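# A look at the structure
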Amino acid sequence: MILTFLGDYVYGHGICVSSGSFIEAFGKVGISEEATRSTLTRMVGRGLLRRQRSGRRMYFGLTPTSTEVLKDGERRIWHSGVVNDSGADQWTLIGFSLPESWQRQRHELRSRLVWAGFGPLQNGLWIAPGEVDAAGVIEDLDANVKVFAAEPRQPTDMQALVRDAYDLEGLGERYREFLRRWDQADPAPDAPR
């Protein structure tokens, strides 16, 4: 939620936000001061926020890492991902083969693929809508990876393929839960503390 807030109000503006403003804003939607402070501290530790003091006040701003995360999110949401007006049915395929002994690298690669919008088709073959820059996904993993741009052909049933690669029912339920909680004038009364 903090990244969404930063993307909407801080990204591209070169500003920092006081801890008090974070606490006030997230308190209005039922997030405790302790949870907000803890998340801000963790984000600083992970290199997603920078912290600076001015007098008695603490301010938080974007780092190069968080700026890149938000820039990538903007590109994936509005330009190459689900919300785009490209008429082409383009997909990026990634195939990989890693030895069984490389469990850590396999887990890391799968985590990066999910973050980049990929879903598994079958063992070692993943798919994502649009054109995905896979170099950033696989860099520094030293994995045997092949990347392809693809278009579906008959008799491929793309709706079935997408249902197999992505947990659409689970995703839909998370969206419905989000709307149940936040699609109201004042979501705080029902929000857990």
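These notes cover the structure that comes with them. From a predicted model like this one, the values you see are computed outputs, not experimental measurements. Within any chain, residue numbers begin from 1 and follow the written order of that chain's sequence. With the structure being a predicted model, the display of local features is reserved for residues of pLDDT at least 70 and the display and counting of side-chain atom pairs for 80 or more, all residues being used for whole-chain, interface and lining totals. Side-chain metrics rest on all non-hydrogen atoms present in the structure, leaving aside hydrogens and water.

## Things to note about the sheet that holds strand β6 (residues 125-129)
With antiparallel pairing, the four strands of this open sheet are ordered in space as β5-β6-β4-β7. Looking at the sheet topology across the chains shown, the edges are occupied by β5 (119-122) and β7 (144-150). Sheet twist, expressed as the mean angle between neighbouring strand axes with direction ignored, is 30°. As defined by bridge partners, strand β4 (residues 91-97) adjoins β6 across five bridges and the pair is classed as antiparallel. For T92, the partnering residue across the bridge sits in β6 and is A128. Here, two residues are considered to be in contact whenever any of their heavy atoms come within 4.5 Å of each other. Lines are fitted to the C-alpha atoms to define the axes, a helix being fitted only along its stretch in contact, and any angle between axes, read from their N-to-C directions, falls within 0 to 180 degrees. Each helix corresponds to a stretch of at least 4 residues labelled H or I by DSSP, and each strand to a stretch of at least 2 residues labelled E; elements are numbered beginning at the N terminus. Strand contacts of helix α5 (residues 103-115): β4, β6 and β7, with the helix running at about 175° to β4, the strand carrying the most contacts. Lying over the sheet, helix α7 (residues 158-165) contacts β4, β5 and β6, oriented at roughly 110° with respect to β5. Any two strands with at least two DSSP bridges between them are considered paired.

## Describing the packing of aromatic side chains
How two aromatic rings sit relative to each other is given by the distance of their centres and the angle of their planes. Pairing of aromatic rings covers Phe, Tyr and Trp, the last counted by its six-membered ring, and requires centre-to-centre distances within 6.5 Å; plane angles under 30 degrees mean stacked, over 60 mean edge-to-face, and any other angle means tilted. In this structure the tally under the stated criterion is five aromatic pairs. Here the aromatic cluster, defined as three or more aromatic residues joined through ring pairs, consists of F5, Y9, F22, F26 and F60.

## So, the sheet that holds strand β1 (residues 17-18)
Across a sheet, paired strands are connected by hydrogen bonds in the backbone, their directions being either parallel or antiparallel. Reading across the sheet, the three strands line up as β1-β3-β2 and stay open at both edges, with antiparallel pairing between neighbours. Sheet topology places β1 and β2 (49-54) at the edges, where each strand pairs with a single neighbour. Here six bridges tie β2 to strand β3 (residues 57-62), and the two strands are oriented antiparallel to one another. Bridging across to β3, Q52 finds its partner in Y59. Taken strand by strand, helix α3 (residues 33-45) contacts β2 and β3, and its axis lies near 115° from that of β2.

Geometric descriptors of this kind do not, in isolation, establish any biological role.
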